[in-house]
Amino acid sequence: MSSSNNFNPNTPEEYAKLATIYAKQKKWELAIENYREAIILKPDFSWYYYHLAQVLHQQENWDEAINLYYRAIELNHDFSWSHYNLGDALSKLQRWENAVNAYKNAIKIDRIFPWSYYNLGNALVELKKWDEAIYNYIYVVKLQPGAPGIYSKLGDALEQKYNSDIDAAIQDYHQAIQHQGQHLIYDKLLEFLQDNRNFFVEIANNLAKVDKNNGAIIFYKIALEINQDELEIYHKLQQVLDRKHQLSQEILELRKKIELNPNSKSYYNLGIALARQQKWEEAVVAYRQAIEINPDLSWWFYYNIWEAFAREDQLSEILTFFQKFQKSNPDSYWSYLNIGEALTRLNKIEEAIPYYQTACYQQTQKLYPELVSQPWNLEQVQGPNFIIIGVHKGGTTSLYSYLTQHPQIVPPIKKEMDFWSWKFNESINWYLAHFPAISKGKNFLTGEASPSYFDYPNAARRIFQVFPKIKLIILLRNPVDRAISQYYQWLRLNWENRSFDEAIQLDLEQLMKAPEKVNYWMKELNYLARGVYVEFFQEWMSLFPREQFLILKSEDFYAHPEVTMAKVLNFLDLPEYQLSEYKNYNMGNYSPIDSSIRRSLNDYFQIHNQRLEEYLGMKFNWD
């Protein structure tokens, strides 16, 4: 039975076997069809419902998958994966109470699977049940101390519960220690110390590593309540307190700068510094002042601002501000995008779409008046002809800029839409609203460049389902240089405040600790995992044929941009077009890194680069 062609099913078992083969080949529709036939012939067998639900899960058909998981559970309640995957599907639809119940049922059956606790914690956070969420996150630490992202999740939950009031947290735990039996959640946490008396110290160490200073302080102080003579704990606590003091000093210095010269950038940086201290209310005030000083700016791009507004329930207020500004400045192009972003964040997708369409219409009318006779509707928009899918810091901005200068390429209103990755819930019409309407027969192309797609789970499958014939372009850069460049870009944007050594060593430790368990798609391993390119290509090329990819080496692109551009235009079936200048966009300047760190990174990536070259049949010769 090596091929599905050998089957002529007439029993439920044979239909199920054939469905399994199709599922492995990612031929989802055929898998669904055969699982349904198996169910018709054997309607009381839970396994068929479960596997059909899994296929629908892959297709993000959440409602039907949920119904099938429930049916599988009804027929066999003791299979933990049915409950776990049900919880995952329910979470996708933000049905948090039901998701909590599903994850709890999964845990009753399998008490040592860490991701049930992890996802249960996430659902409890959405319900603002902080104590239970904190307990479940700590249980993940007990089961799998290196679980990606767990300390960030724990630190955020502690912050949400105590709102930076460290003394209140210490008092809670002090009361629990002094009066055991009265505080159920805290009693459960204290039980962890019976197996490992340094458990809370280890949690504090890891919270400090991911810059969750308040959480680290809380756990160091709790540890001192229990181990008062441990001088090493005092030393580590002082280190975190010193770091927090440095952040406070940074805030004071920024406030002094603002007194001398109140400008938009200084207020923005103040907002970031306040957010790092978890002073969210003050951070939102600073961000608002930055916007009010210069409202005609691309504020939609700065995701940290929008997350702060959402956290403090200020989205409606900032929307009102942008709407007032737009009315008094009707020609402000950025206003349409900023309003669109605010409405999107408020989940008012249908209201946001006309603002994106207007911005796109205005831009196209200005650049290509021959294409615009009257405002278009979504039915006239075909979407992208090509997508530059990555990689981060590989040269996508420069390549996109060169392409959009070609007279036959009409740009959308944003280079990076991130729709197929982070913003997939916004609806396909939201995505199409960003693109110009190009009539059939017109020899023009449009496309976008979102480097988040290449290493984002499900992005390849999502694109394939809607645009299976699309052309895909990717620039691959030496993963060591790519990681260094990304770190320094994030440092410039104030999205990173650890030293380079701290950030890279933490990634390297996580990747080297248990390489067989690494999930390269997890974004918490931010700098290094993204450079294991072969892991991501295997997913993309299981869906799209090789001829739909143009794979370029970033180093060749930087050295000879005109040669690379000729390849790209040929791939897109466009005539050659020479630019007068090939400017390198988003180029960062930074000092060379320590040679020993570079050697460590080269050693780590060597085997993965070899795997990549073998898989693609290309040589990159990265040292």
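Each value, and the rule that gives it
Residues numbered from 1 in each chain as written. Predicted model: local features only at pLDDT ≥ 70, side-chain atom pairs only at ≥ 80, totals over all residues. Heavy atoms only, no water. Helix = DSSP H or I, 4+ residues; strand = E, 2+ residues; numbered from the N terminus. Rg over C-alpha atoms; globule rule 2.2 N^0.38 Å. Contact = heavy atoms within 4.5 Å. Areas by Shrake-Rupley, 256 points an atom, 1.4 Å probe, with all protein chains shown as cover. Lys, Arg positive; Asp, Glu negative; His and termini not counted. Charge placed at Lys NZ, Arg CZ, Asp CG, Glu CD. Axes fitted to C-alpha atoms, helices over the stretch in contact; angles between N-to-C directions. Parallel < 35°, antiparallel > 145°, perpendicular 65-115°, else oblique. Left-handed = near helix turned anticlockwise from the far one by under 90°. Nonpolar A, V, L, I, M, F, W, Y, C, P; charged D, E, K, R; others polar. Pairing = 2+ DSSP bridges. Salt bridge = Lys/Arg side-chain N within 4 Å of Asp/Glu carboxyl O. Buried < 20%, exposed > 50% of the residue type's maximum accessible area, 1.4 Å probe, protein only. 1 Å grid on protein atoms, 1.4 Å probe; cavity = no way out; pocket = protein on both sides within 12 Å on 5 of 7 lines; lining within 4 Å. Points joined across faces, edges and corners; volume = space filled by probe spheres on them. Phe/Tyr/Trp six-rings, centres within 6.5 Å; stacked < 30°, edge-to-face > 60°.

S.K.: Looking at this structure, I do not really get the overall build of the chain. What am I missing?
M.R.: Along the backbone of the chain there are 29 helices and four strands. Since a compact globule built from 623 residues should have a radius of gyration of about 25 Å, the 26 Å found for the chain is in line with a globular shape. If you line up the chain on its principal axes, its C-alpha atoms span 80 × 80 × 55 Å. Looking at the chain alone, contacts between residues at least 24 apart form 64% of all its contacts between residues at least 6 apart. Carbon and sulfur atoms make up 47% of the accessible area of the chain, which totals about 29,300 Å². The averaged location of the 76 negative side-chain charges in the chain is 2 Å from the averaged location of its 64 positive side-chain charges.

S.K.: Even after reading the chapter, I still don't get the packing of helix α5 (residues 80–92) against helix α6 (residues 96–109), so can you show me in this structure?
M.R.: Geometrically, a packed helix pair is captured by the angle between its two axes and the distance between the axes. Running from N to C, α5 and α6 point in directions that differ by 160°, and their axes come no closer than 8 Å. Between α5 and α6, the angle falls in the class roughly antiparallel. Between α5 and α6 lies a crossing whose hand is left-handed. Contact residues: α5 offers S80, H83, Y84, L86, G87, D88, L90 and S91, while α6 offers W96, N98, A99, A102, Y103, N105, A106 and I109. Of the residues belonging to the contact of α5 with α6, the class tally is nine nonpolar, six polar and one charged.

S.K.: Help me understand the sheet that holds strand β1 (residues 386–390) in this model?
M.R.: Through backbone hydrogen bonds, the strands of a sheet pair up, either in parallel or in antiparallel fashion. Strand order in this open sheet of four strands is β2-β1-β3-β4, and the pairing throughout is parallel. Lying at the two open borders of the sheet, with one neighbouring strand each, are β2 (447–449) and β4 (549–553). Along the sheet, successive strands turn relative to each other by an average axial angle of 15°, direction set aside. Pairing of β1 with β2 involves three bridges; the strand directions are parallel. Pairing of F386 across the sheet is with G447, part of β2. Those strands touched by helix α26 (residues 533–540) are β1, β3 (471–476) and β4, and its axis lies near 175° from that of β3.

S.K.: What's the story with the pattern of salt bridges in this structure? I'm lost.
M.R.: Pairing between side chains of opposite charge can happen when the charged atoms of each approach one another. If you walk through the whole model with that rule in mind, you get 25 salt bridges. For the salt bridge of K42 with E13, the shortest nitrogen-to-oxygen distance reads 3.5 Å. Pair noted here: K42 is in the loop between α2 (28–41) and α3 (46–58) and E13 is in helix α1 (residues 12–24), with a separation of 29 residues, a long-range link. The shortest N-O distance in the salt bridge between D131 and K161 comes to 3.2 Å. In this pair, D131 is assigned in helix α8 (residues 130–143) and K161 in helix α9 (residues 150–162), connecting sequence segments 30 residues apart. Looking at D131, the relative accessible area reads 26%, which means it is partly exposed.

S.K.: What is the right way to read the layout of surface pockets from this model?
M.R.: Empty pockets left among the atoms are what a rolling probe the size of a water molecule brings to light. In this structure, the second largest pocket occupies an estimated 320 Å³ of space. Surrounding the second largest pocket, 13 residues form its lining, Q144, G146, P148, A514 and K517 being those nearest its centre. When grouped by side-chain class, the residues that make up the lining of the second largest pocket number seven nonpolar, four polar and two charged.

S.K.: Even after reading the chapter, I still don't get the environment of L343, so can you show me in this structure?
M.R.: Residue position: L343 is located in helix α19 (residues 333–345). Measuring from C-alpha to C-alpha, the distance between L343 and L41 comes to 49 Å, with 302 residues separating the pair along the chain. Ignoring any residue separated from it by four or fewer positions in sequence, one finds L343 in contact with L319, K348, E351, A352 and Y355.

S.K.: Just checking my understanding: could you explain the packing of aromatic side chains for this structure?
M.R.: In this description, a pair of aromatic rings is defined by centroid distance and the angle of the planes. What the rule picks out here adds up to 56 aromatic pairs. On the basis of an interplanar angle of 40° and a centroid distance of 6.0 Å, the ring pair of F557 and Y558 is categorised as tilted. Since its relative accessible area comes to 2%, F557 is described here as buried. According to the relative accessible area criterion, Y558 is partly exposed, its value standing at 31%.

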